[in-house]
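# A look at the structure
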Amino acid sequence: MPDGAPANRSLERGIALLRAFRPGLEVLGNGELAERTGLSRATVSRLTQTLVRTGFLQYEPALRAYRLGAPVLSLAHAMRSGSPVLKVAAPWMRELAQARRINVGIAVADGDDMVYLESVRYSRKVSLRSVVAGQRVPIELTSLGRAYLAALPDAARAAWIAAMMRRRPGHGQALAQEIDAARASVRAVGYCHAAWQPAVVAVSTPLVLDNGAIYALNISVATGEPPPDVAAALAGDLLDLKRRILGALGAPPAP
């Protein structure tokens, strides 16, 4: 949004309702939507009626609740098919995943989460963890999120970490230290790693475009080997993929 442009409060609130739907929360009633968005029930009721009329929500009479409608999926498809970054990155991601039998993903930040735009799964071992486009993972716990934070301007990163520490009063300090270490790693060698899921190691690098947009690339494998050793073994492929994508998009090379 251009600086100084007035916000449309009704639109913002309607979008907040749509954002409340997540995997595991596919059906929500007015009360649940009010609780999750902080909006009044009267406001939620008015907005859900509009979203049902436009097809973005479907009403389930037996449950007295709503689920997302088909237009939401159509928008997601339009976004993915029209993304110049995915058009460049996806073929190389598939090529790398198949050649090395690894998992390759690309994501962007949305609030407190990273959202996968593409995830090519080609794990060496059968893994119970399944990642698809649109799936969310927490910024503070993942190498994707920490790579993204490493690329943020200092003030924005500090504000995000401060908010995270308020959300996680028992663990925020330790997580902030891990985020700082990941930033130092990105500055020193171009990538960071994390192992927030059992027996899965992921290594990530920020992908900063010339328009300021920040993406994050990652490679992950299911393994019991020490995470630093795994990261060092995968980093060359990850950074090469990053250079190819930035070169094809005409973005300046990472420092």
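As the structure is a prediction and not an experimental result, all values here were calculated from the model.

As a further point, take the overall build of the protein chain. Per the secondary structure count, the protein chain includes nine helices and eight strands. In summary, the protein chain has a C-alpha radius of gyration of 20 Å against a globular reference of 18 Å for 255 residues, a match within 12%. Counting only C-alpha atoms, the protein chain reaches 55 × 40 × 35 Å along its principal axes. Considering only contacts in the protein chain between residues 6 or more positions apart, those separated by 24 or more positions represent 51%. By element, 56% of the accessible surface of the protein chain is carried by carbon and sulfur atoms, the whole surface being about 13700 Å².

On domain assignment, one finds that the protein chain holds domain 1 (9-69) and domain 2 (83-250). A C-alpha centroid distance of 31 Å is found between domain 1 and domain 2.

Positionally, A97 belongs in helix α5 (residues 84-100). Look at A97 and you get buried, because its relative accessible area is 0%. Expressed as a C-alpha distance, the spacing of A97 and A194, which sit 97 residues apart in the sequence, is 19 Å. Ignoring sequence-local partners within four residues, the contact set of A97 consists of I102, V104, V120 and Y122.

Glancing now at the UniProt feature "domain: HTH iclR-type" (unreviewed entry) in the protein chain. UniProt feature "domain: HTH iclR-type" (unreviewed entry): in the numbering of this structure it lies at residues 8-70. Annotated as 52% helix and 13% strand, the span residues 8-70 places its first and last C-alpha atoms 24 Å apart.

One non-glycine residue with positive phi stands out, namely R64, at about 55 degrees. Within the fold, R64 resides in the loop between β1 (57-60) and β2 (65-68). Exposure remark for R64: the relative accessible area of 66% places this residue in the exposed category. With a phi angle near 60 degrees, A199 is a residue other than glycine that sits in the positive phi range. Looking at where A199 falls in the secondary structure, it is placed in the loop between β6 (192-197) and β7 (200-208). When its relative accessible area of 51% is taken as the criterion, A199 is described as exposed.

Next up on the list: the packing of aromatic side chains. Going through the model one piece at a time under the given rule, you end up with one aromatic pair. With a centroid separation of 5.1 Å and 50 degrees between ring planes, the pair formed by Y59 and Y66 is classed as tilted. Judged by relative accessible area, which is 39%, Y59 ranks as partly exposed. Just above the ring of W160 sits the side chain of R167; from NZ or CZ to the centre is 5.6 Å.

As a further point, take the nonpolar core. In terms of nonpolar packing, the biggest core is built from 30 residues, with V104, I106, Y215 and I219 touching the most fellow members. With nine residues, helix α9 (residues 227-249) is the single largest residue contributor to this core. When residues no more than four places from it in sequence are discounted, the contact partners of Y215 are V85, I106, A107, V108, L117, T205, P206, L207 and L209. Counting 17 residues, the second largest nonpolar core, distinct from the first, contains V137, Y148, L149 and W160.

All chains considered together, the criterion is met by 16 salt bridges. Within the structure, one salt-bridge network assembled from shared partners comprises R19, R22, D110, D113 and R136.

Turning to the packing of helix α7 (residues 154-167) against helix α8 (residues 172-189), a few remarks are in order. Running from amino to carboxyl end, α7 crosses α8 at an angle of 155 degrees, the nearest separation of the two axes being 9 Å. The angle between α7 and α8 falls in the class roughly antiparallel. Crossing of α7 against α8: the hand is right-handed. Residues D154, R157, W160, I161, M164 and M165 of α7 pack against G172, Q173, L175, A176, I179, D180 and R183 of α8.

What counts, and where the lines are drawn
- Residues numbered from 1 in each chain as written.
- Predicted model: local features only at pLDDT ≥ 70, side-chain atom pairs only at ≥ 80, totals over all residues.
- Heavy atoms only, no water.
- Helix = DSSP H or I, 4+ residues; strand = E, 2+ residues; numbered from the N terminus.
- Rg over C-alpha atoms; globule rule 2.2 N^0.38 Å.
- Contact = heavy atoms within 4.5 Å.
- Areas by Shrake-Rupley, 256 points an atom, 1.4 Å probe, with all protein chains shown as cover.
- Domains from an automatic or database assignment.
- Buried < 20%, exposed > 50% of the residue type's maximum accessible area, 1.4 Å probe, protein only.
- UniProt positions renumbered as here; feature names shortened; annotations may be inferred.
- Phe/Tyr/Trp six-rings, centres within 6.5 Å; stacked < 30°, edge-to-face > 60°.
- Lys NZ or Arg CZ within 6 Å of the ring centre and 35° of its normal.
- Core = buried A, V, L, I, M, F, W, Y, C linked by side-chain atoms within 4.5 Å.
- Salt bridge = Lys/Arg side-chain N within 4 Å of Asp/Glu carboxyl O.
- Axes fitted to C-alpha atoms, helices over the stretch in contact; angles between N-to-C directions.
- Parallel < 35°, antiparallel > 145°, perpendicular 65-115°, else oblique.
- Left-handed = near helix turned anticlockwise from the far one by under 90°.

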